[in-house]
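# Analysis of the macromolecular model
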Amino acid sequence: MTVEQNVLQPGGAAKHQQTFLNQLREITGINDIQVLQQALKDSNGNLELAVAFLTAKNAKVPQQEEATYYQTALPGNDRYISVGSQADTNVIDLTGDDKDDLQRAIALSLEESNRAFRETGITDEEQAISRVLEASIAENKASLKRTHPEVWSDSPNPYDRKRQDNCPVGLKNVGNTCWFSAVIQSLFNLLEFRRLVLNFNPPANAQDLPRNQKEHRNLPFMRELRYLFALLVGSKRKYVDPSRAVEILKDAFKSNDSQQQDVSEFTHKLLDWLEDAFQIKAEEERDGEKPKNPMVELFYGRFLAVGVLEGKKFENTEMFGQYPLQVNGFKDLHECLEAAMIEGEIESLHSENSAKSGQEHWFTELPPVLTFELSRFEFNQALGRPEKIHNKLEFPPILYLDRYMHKNREITRIKRDEIKRLKEYLTVLQQRLERYLSYGSGPKRFPLVDVLQYALEFASSKPVCTSPVDDLGASAPSSGTLPAQTSPSTIDQQGPSSSDVPSTSPVQRSVIHKPFTQSRIPPDLPMHPAPRHITEEELSVLEGCLHRWRTEVENDTRDLQESISRIHRTIELMYSDKTMVQVPYRLHAVLVHEGQANAGHYWAYIYDHHQNRWMKYNDISVTKSTWEELERDSFGGYRNASAYCLMYINDKEQYLIQEEFNKETGQILLGMDTLPSDLRDYVKEDNKRFEKELEEWDAELAQKAQQEKLLSQIPRAPAPSPAPVQAGEPEYLEQPSRTDLSKHLKEDSVQAINKALAEQEDRGPEAIMDTAIKLEYARLLKLAQEDPPPECDYRLRHAIVYFIQNQAPKKIIERTLLEQFGDHNLSFDERCRNIMKVAQAKLEMIKPDEVNMEEYERWHQDYRNFRETTMFLMVGLEFFQKKSYMEALLYLIYAYQNNKELLSKGPYRGHDEELISHYRRECLLKLNEHAAALFESGDDQEVNNGLIIMNELIVPCLPLLLVDEMEEKDIVAVEDMRNRWCSYLGQEMEPNLQEKLTDFLPKLLDCSTEIKGFNDPPKLPSYSTHELCERYARIMMSLSRTPADGR
């Protein structure tokens, strides 16, 4: 569907205009369509002259009256009216005087383009989209070949990748393909579009189609898109892999270039390909009538262009898909639409014999799905690169389009004239109000009400009879200490100085007031300036005038403010009458971009029309959201995120979002029931493969558990010395060589036994053991109940303290105490050996149903994890204080993750989360600064080292800071790190640095919050309990002397 008629050019003459425009954009780097069109027009289609015009040093951008702003669609632009959002940064400098070079560049560009078009039938625009697809696939493959190990990897546990209930399925980012995920999810959640794709049947004569690359790319892509949609419907996976669909997009074109993909361009081409695929099917099924293409019916509308060109009126009907809107200079969507629908001098449209040019657009037919492309990128010709517009732009959840419809154009014109008149009046009122609120003729201005109030306060102050200088004259120094800035008149009044007339008596010296050394102000010094002379009559008249004037000004100000508010309200309600709210469109999806023009990350907010809530689709992560979060991320003006594409649907066309019903039973079809049989089988096969993964994982875990159980039941051969270890004894008691914990427990046990012997020396081993256990428990209970400073954590001294604080079952504590006194380290003398044997005998007498051994092992495993977390934290903080931030980071990350898991079970299971979070965040910030400094150096080796730090340490850790949106400090830190690198985009740098930065930024700006599993954790040193407590106390004491900011 091409543009039916162009306003200026006949169809034949404009046949190759789009090709020329693409060449001009490529050669000059200028991305403004209007400027390019004007240059082409002024050069009469001569490309060389057009380039010379655009690259001339004194060339100016044509004025609006001269530019062809009334040209609403480009010939050959294949049904779209849109503007490019990015320009090629590899711009050839043709501003010199060498015309031969200029001619060669033009000839080379045209030759390459024409040859490529003849050979493949593919346009420059189609080649451009292939570049990023290849880059995405290459990035994905390259990531698999990296020699440096990543900090994170996919979780081997398939249950982490299992879909929860009916939660929507995410799409895996297979290498810079967040744009693909955002667009596909937005379209998939349009139920009518989903049905069209799922029920698409390839044409029967597909094998007879011409062997044309453009035609043969569509059907394979449709096949993979159907499979992808089917998996999104019925998969048991949390997210699915779209690589095959992306591969087909990549294979459709051949290019070696790469750039950040643009959502609007991709949507254009995606709808192109879908339309082509459905057109083939429609032509096959037509019965003599013109075939209807469902993609066209769903996404394309028409508008009427009514205008005047050099005094001649014209009308032209054109078709549009995505409707482009400029963002710069507008505050909301309606202002953007008004500017897009009216171009040039509106008055000339309704007057005769006018030489001015202008036009209006009126929608004659709106598509069921209306997509607005927000132009948030502009080309900075000075820097030679695109830049993103971060301005705030508001848009409503319900958009009424009545004012833009052709059938309402008469009433709309009346309302526009009225609004124009009101705005002119509003401007006058605002200027008048400003004179009241900013009164004065100097650089500093104040509200007139305050000025009158100050004058009233001055007039009402108590009069004084002397000047402020005379008032201090009596107490002024009589020697040469008189300030240099004292006025001559004051010196005359004081008479000769004391240097001329020597003092005769110390009594004559007056007391000196020292304002800078004496804090008390003399009681007779007035606090404020006051009139010197004013009569009661004068004061009465002046007060009366000031009071009256102040009241008048207050009334005038209030009247102006009320009038302004009333006019604003009138303008807001201008289109709220019943006749202008008949075409409602509901916001269906918002595609958000975060980052800069040539690097960033996309995600989508999509409205769930059946649950009446917003959902956030961010690659594999699909979460519930709110309108408030959407506003924050989409309106712009806040950080670097803003909406780039808005998808509205006709609120009266319920079939767009209506569920499918069974024709026989009338029941709603859900999930797998909505799929055709071939897709149902495809999804079932994929689900079987995933279920097999789950079964294999369960079998592996069961096998490990069985092996551990068998090992625990094997009796250990007794050794002559030391005594055998009891089965079921905790690991940290079995392996004294690892933590030397048994040695520490031995000392505690011996102390308890000695105390028990002192109390009951004549009793037997069993009685002494019972007493010793009670004494030991009482000691540990006292430690557990104390509230020590942070450097004294008694939980590290004994597992029982940890158990008591976390309310472990009594049986767990009793068995742990028995194992402490049954430890083989107590066999060093006869008395302790007898008590050890009694404890071991009691352990053997405990029946399986008395103590749940699985629960027992879980408690001791938690304690082992707590000690390990403590060591991660301690070593990380020690490295941090030594400023070894790279070494510290991994320890602090593991400390935070392990600690978070512990705290999820209880508040006393781990350490202070805010403390670990603070130092983890500081570590990342300092490494980011170091990496940025290396990058700024410009030295190749240092630049590479800086990017290695970012890619291997910082970027993989960012999801940890973003996963919890309540941690505002972490989110701000991530923004600070990103902004530091984004700030380089506007700076001049070497081409190789620019290339590395462009390659790196998408990874940094990826907002995915997917938390992947750890690789091997860093090695921990071996500490005895005494060493651990001592080093932990030392590092915590050092922190208390230098408190962390924000803790």
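Residues numbered from 1 in each chain as written. Predicted model: local features only at pLDDT ≥ 70, side-chain atom pairs only at ≥ 80, totals over all residues. Heavy atoms only, no water.

As annotated in an unreviewed UniProt entry, the protein chain carries the name Ubiquitin carboxyl-terminal hydrolase 25 and is attributed to Anser cygnoides. Quoted verbatim from the Catalytic activity (unreviewed entry) field of the UniProt record, the comment on the protein chain reads "Thiol-dependent hydrolysis of ester, thioester, amide, peptide and isopeptide bonds formed by the C-terminal Gly of ubiquitin (a 76-residue protein attached to proteins as an intracellular targeting signal)." For the record of the protein chain, the UniProt heading Function (unreviewed entry) holds the text "The muscle-specific isoform (USP25m) may have a role in the regulation of muscular differentiation and function." (UniProt positions renumbered as here; feature names shortened; annotations may be inferred.)

All right, on to the pattern of salt bridges then. Between side chains of opposite charge, pairing is possible as soon as their charged atoms come close. This model, assessed by the stated rule, comprises 37 salt bridges. Residue D793 pairs with R795 through a salt bridge whose shortest N-O separation is 2.7 Å. A single burial state applies to D793 and to R795, both of which are buried. As a salt-bridge pair, R1031 and E878 come within 2.8 Å of each other at their nearest N and O atoms. Within this pair, whereas R1031 is found in helix α35 (residues 1025-1041), its partner E878 is found in helix α28 (residues 853-881), the two being separated by 153 residues in sequence. One network of salt bridges, with partners in common, ties together R161, R237, D686, R689 and E693. (Salt bridge = Lys/Arg side-chain N within 4 Å of Asp/Glu carboxyl O. Buried < 20%, exposed > 50% of the residue type's maximum accessible area, 1.4 Å probe, protein only. Helix = DSSP H or I, 4+ residues; strand = E, 2+ residues; numbered from the N terminus.)

Here we come to the packing of aromatic side chains. Two aromatic rings, taken as a pair, are described by how far apart their centres are and by the angle between their planes. Under the definition given, this model contains 33 aromatic pairs. Taking 5.1 Å as the distance between ring centres and 70° as the angle between the ring planes, the aromatic pair formed by W981 and F1000 counts as edge-to-face. Pair noted here: W981 is in helix α33 (residues 968-982) and F1000 is in helix α34 (residues 991-1005), with a separation of 19 residues, a long-range link. By relative accessible area, W981 is classed as buried at 0%. (Phe/Tyr/Trp six-rings, centres within 6.5 Å; stacked < 30°, edge-to-face > 60°.)

On to a negative patch on the surface. A cluster of acidic residues, E552, D556, D559 and E562, forms a negative patch on the protein surface. Assignment of secondary structure puts D556 in helix α18 (residues 536-572). Classification of D556 by relative accessible area gives partly exposed; the value is 33%. (Patch = residues over 30% accessible without salt bridge, like charges linked within 9 Å, V, L, I, M, F, W, Y side chains within 5 Å. Areas by Shrake-Rupley, 256 points an atom, 1.4 Å probe, with all protein chains shown as cover. Lys, Arg positive; Asp, Glu negative; His and termini not counted. Charge placed at Lys NZ, Arg CZ, Asp CG, Glu CD.)

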